[in-house]
Amino acid sequence: MFLAAALLAATALSPLHTVEAAAETVLRLDEVAVGELDPGKASDYADSILMFNVYDTLVLPIQGGPGYAPHLAESWEMDGTDFVFKLRSDVAFQSGNPLTAEDVVFSFERMKALGQGLSFLFEKVEGAEAIDEHTVRFKLTEAYSPFIASLVRLPIVDKKLVMENLGDGEGEMKDWGQAFLSANSAGTGAYKVSSHNPQEETVMQKNADYFLGVPDAAPDTVRLRYGLEAATVRTLIAQGEHDISSQWLPPEVMKALAANGAQLFTETGGGGFYIKMNTAKAPLDDANCRLALAKAYDYATGLAMVAITDGVAQGSPSTGAIPAGMFGANPADQTLQRDVEAAKQHLAECKYDPSEFTLEISWIGEVPIEERFALLMQANFAEIGIKSEIRKIPWALFTEQVTNPETTPHISQIFANAVTGDPDTLLYPMYHSSVRGTWQSPEYLDDEQVDAALDKGRKAAAPEEREAAYSQLNDRLMEIAPTIYAYDRQSVFAASDRVKVPALQDPAKAFGLDGMGFSFRLMEMTGQ
C-alpha cells in the first residue's frame with residue numbers, strides 16, 4: 001500500500017509525475033521450453049501457465065481447499081451420466097465475441113478431434129451439445145468421478161474466431177485452426193498474447209475487459225521466457241532484472257538466491273519424483289529384484305539433495321505410492337526408509353543372479369538434478385551387489401524410447417503430478433495396463449489388481465469408496481514395487497521482492513493444481 005500512496009502523492013505534484021504513476025509494471029519469469037499455446041495440445045507446466053491466464057474453464061479449483069467452484073459456468077447439475085452446465089451471460093472473448101454454449105461444444109470437439117495434449121481426460125465423454133445459448137450438456141459413456149476435475153483442463157476457445165482462421169487441411173474443419181492457435185490466443189482470459197515464440201518468449205498484456213476485472217496491482221505486461229540457463233536466471237534476479245524463476249533451478253542456486261534476499265515461493269500440486277523400473281525387461285520383471293532396489297534406495301539422502309533452506313525443500317518425505325493428502329495415501333508419519341538388510345533378502349529371493357546383469361540408469365539431460373540421483377542409485381545398488389551404468393538421455397529421445405519395452409531403460413526418472421488435482425490423473429496414466437509405454441508409464445506394468453483398483457477409483461461416487469479403492473491400489477503398488485517413490489514433490493521458485501503471489505505464499509490461498517498459482521491476475525507488483 002506504500003507504493004499506492006506514493007503514486008497518489010506523485011500524481012498531485014506535476015504532469016511529469018502523472019506519467020510516472022501510470023508507468024507500466026512488467027512481470028518477468030521463465031520456464032522450460034516449449035511454450036505450447038494451442039489449448040488442444042497444451043500439457044506441460046509452461047503450457048499450463050499460458051492456459052490458466054489466456055483462457056478460462058467452466059470450473060476452477062477452490063482456493064485454499066478441496067473441490068471445484070463455478071467459473072465460466074454459473075452452476076451445474078448431474079443426472080446419472082449427464083452433466084448440464086449453465087453459463088454466465090456476461091463473458092466475452094478477447095475478440096469481443098460473446099461466450100456461448102457453442103464455444104464450449106466446439107472446444108470439446110476440437111480437443112477430441114486433435115487427440116493430443118490432455119485429451120485423454122475426456123475419453124469417457126460421449127459428446128457435448130448446446131441446449132440453448134447459455135446451457136451445455138456433456139453426456140458420459142459411464143460413471144466417471146473425476147469428470148468435474150477434468151474440466152479445469154478444457155480451455156474454452158472462441159469458435160467464431162477460429163472458424164475465420166482455419167488453415168490448410170482436409171474436410172470441413174481443415175486444420176481445426178492449429179496454425180492460428182499455435183501463435184495467437186482465442187480465449188476469454190485475463191491476459192492477451194501480444195507475441196509468442198514457443199522456444200524463446202511469450203509476451204502477454206492485461207485484458208481490460210476481463211469479466212471478473214483485473215486488479216490494478218496485477219502486472220500490466222508479462223514476459224514468460226523459455227530455456228534460460230540457471231546461471232543466467234541467478235544473475236538476472238540478483239540484478240533486479242527477473243522476477244520469478246522456474247522450479248528447475250538446482251538447489252544450490254536456489255540456496256544462493258535465498259541467501260541474497262530472494263523470496264522462495266512453493267507449490268504442492270499432488271505429485272512426486274518417481275524412479276521408474278521397467279517390469280517388462282529382465283531382471284526387473286521379477287518383483288523381488290524391484291523390491292531390493294526400492295529397499296536399497298537412500299530416501300533421506302535423496303531428500304537432502306533437494307533441500308534449499310532448513311524449512312524449504314523441493315520435496316517432502318514419501319509415505320508410499322500415493323502422495324500425502326490424496327485418497328489412499330498412508331499417514332504422514334509412515335515415511336519410506338532405506339533398509340539394506342531387507343534389500344539383500346529380496347535380492348536373494350530374486351530368480352536372477354546379480355553378477356550376470358548390469359542395470360541401465362537413465363537421466364533426462366534437460367534436468368541436471370537427475371544425474372545426482374543416478375549417481376546416488378548407482379552407489380546404493382552397488383552396496384547390495386548390483387552393477388549399473390548411467391546414461392544421459394535427451395527428453396525427446398526418452399519419450400521415443402519408452403514406446404517400446406525393449407528400448408526402455410531399466411531405470412527412468414520422471415517428475416509427475418495430478419494434472420487436474422484428482423488422483424486419477426496421476427495414477428491411471430502411470431499404472432493402468434491400457435496406457436503402458438508413455439513417458440509416464442515406462443514400467444510397462446500389467447497387473448489385474450492394480451487395474452481393478454484404478455477402475456474402481458474412477459467409477460466410485462462416494463468419497464469413502466474412492467478412499468478404499470486408492471488405499472487398495474497403494475497397498476498393491478507397494479507390494480509389487482514397479483516404482484521407487486523417492487519423494488512427494490514440492491515446487492520451489494526463487495523470486496525478487498517486486499512481486500507478491502498469495503497463491504504461492506499462503507496455504508489458505510493455494511490451489512491444489514500445478515501451475516494455477518501463476519494466475520497473473522491474482523499477483524501484485526510492488527515496484528517498478
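Residues numbered from 1 in each chain as written. Predicted model: local features only at pLDDT ≥ 70, side-chain atom pairs only at ≥ 80, totals over all residues. Heavy atoms only, no water.

(A) Seen up close, the overall build of the protein. Secondary structure summary: the protein contains 18 helices and 20 strands in total. For 528 residues, the compact-globule formula gives about 24 Å, and the C-alpha radius of gyration of the protein, at 24 Å, lands near that figure. Seen through its principal axes, the protein has C-alpha atoms that stretch 80 × 55 × 45 Å. Per-residue burial for the protein yields a buried fraction of 54% across its 528 residues. A fraction of 71% describes how many contacts in the protein between residues 6 or more apart in sequence connect residues 24 or more apart. Surface exposure of the protein reaches about 21500 Å², of which carbon and sulfur atoms provide 50%. Averaging the locations of the 41 positively and 75 negatively charged side chains of the protein gives two centres separated by 1 Å. (Helix = DSSP H or I, 4+ residues; strand = E, 2+ residues; numbered from the N terminus. Rg over C-alpha atoms; globule rule 2.2 N^0.38 Å. Buried < 20%, exposed > 50% of the residue type's maximum accessible area, 1.4 Å probe, protein only. Contact = heavy atoms within 4.5 Å. Areas by Shrake-Rupley, 256 points an atom, 1.4 Å probe, with all protein chains shown as cover. Lys, Arg positive; Asp, Glu negative; His and termini not counted. Charge placed at Lys NZ, Arg CZ, Asp CG, Glu CD.)

(B) Looking closely at the pattern of salt bridges. Taken as a whole and assessed by the stated rule, the structure comprises 22 salt bridges. Residue Asp 38 pairs with Arg 110 through a salt bridge whose shortest N-O separation is 2.7 Å. In this pair, Asp 38 is assigned in the loop between strand S1 (26-31) and helix H3 (45-54) and Arg 110 in helix H4 (residues 101-114), connecting sequence segments 72 residues apart. The same class applies to Asp 38 as to Arg 110, namely buried. Between Arg 137 and Asp 82 there is a salt bridge whose closest N-O contact spans 3.7 Å. Of this pair, Arg 137 sits in strand S7 (residues 135-140) while Asp 82 sits in strand S5 (residues 82-87); the two residues are 55 residues apart in sequence, bridging distant segments of the chain. When salt bridges with common partners are traced through the structure, they connect Asp 82, Glu 129, Arg 137 and Lys 139 into a single cluster. (Salt bridge = Lys/Arg side-chain N within 4 Å of Asp/Glu carboxyl O.)

(C) Fine view of the sheet that holds strand S6 (residues 125-132). An order of S4-S5-S7-S6 is seen for the four strands of this open sheet, with the pairing classed as antiparallel. The outermost strands of the open sheet, each flanked by one partner alone, are strand S4 (73-79) and S6. Direction aside, the axes of adjacent strands within the sheet are offset by 20° on average. Running over the sheet, H4 touches S5, S6 and S7 and is turned about 165° from S6. (Pairing = 2+ DSSP bridges. Axes fitted to C-alpha atoms, helices over the stretch in contact; angles between N-to-C directions.)

(D) The packing of aromatic side chains, seen in detail. The tally for this structure, following the rule as stated, stands at 21 aromatic pairs. The interplanar angle of 55° and the centroid separation of 4.7 Å between the aromatic rings of Phe 273 and Phe 373 together place this pair among those described as tilted. Highlighted residues: Phe 273 in strand S12 (residues 271-277) and Phe 373 in helix H13 (residues 369-383), separated in sequence by 100 residues. There is no split in this pair, since Phe 273 and Phe 373 are both buried. Taken together, the aromatic side chains of Trp 76, Phe 83, Phe 85, Phe 108, Phe 122, Phe 138 and Phe 147 make up a single cluster linked through ring pairs. Over the aromatic face of Tyr 431 sits the side chain of Lys 276, whose NZ or CZ is 5.1 Å from the ring centroid. Here the basic side chain of Arg 458 rests over the ring of Tyr 428, its NZ or CZ set 3.4 Å away from the ring centre. (Phe/Tyr/Trp six-rings, centres within 6.5 Å; stacked < 30°, edge-to-face > 60°. Lys NZ or Arg CZ within 6 Å of the ring centre and 35° of its normal.)

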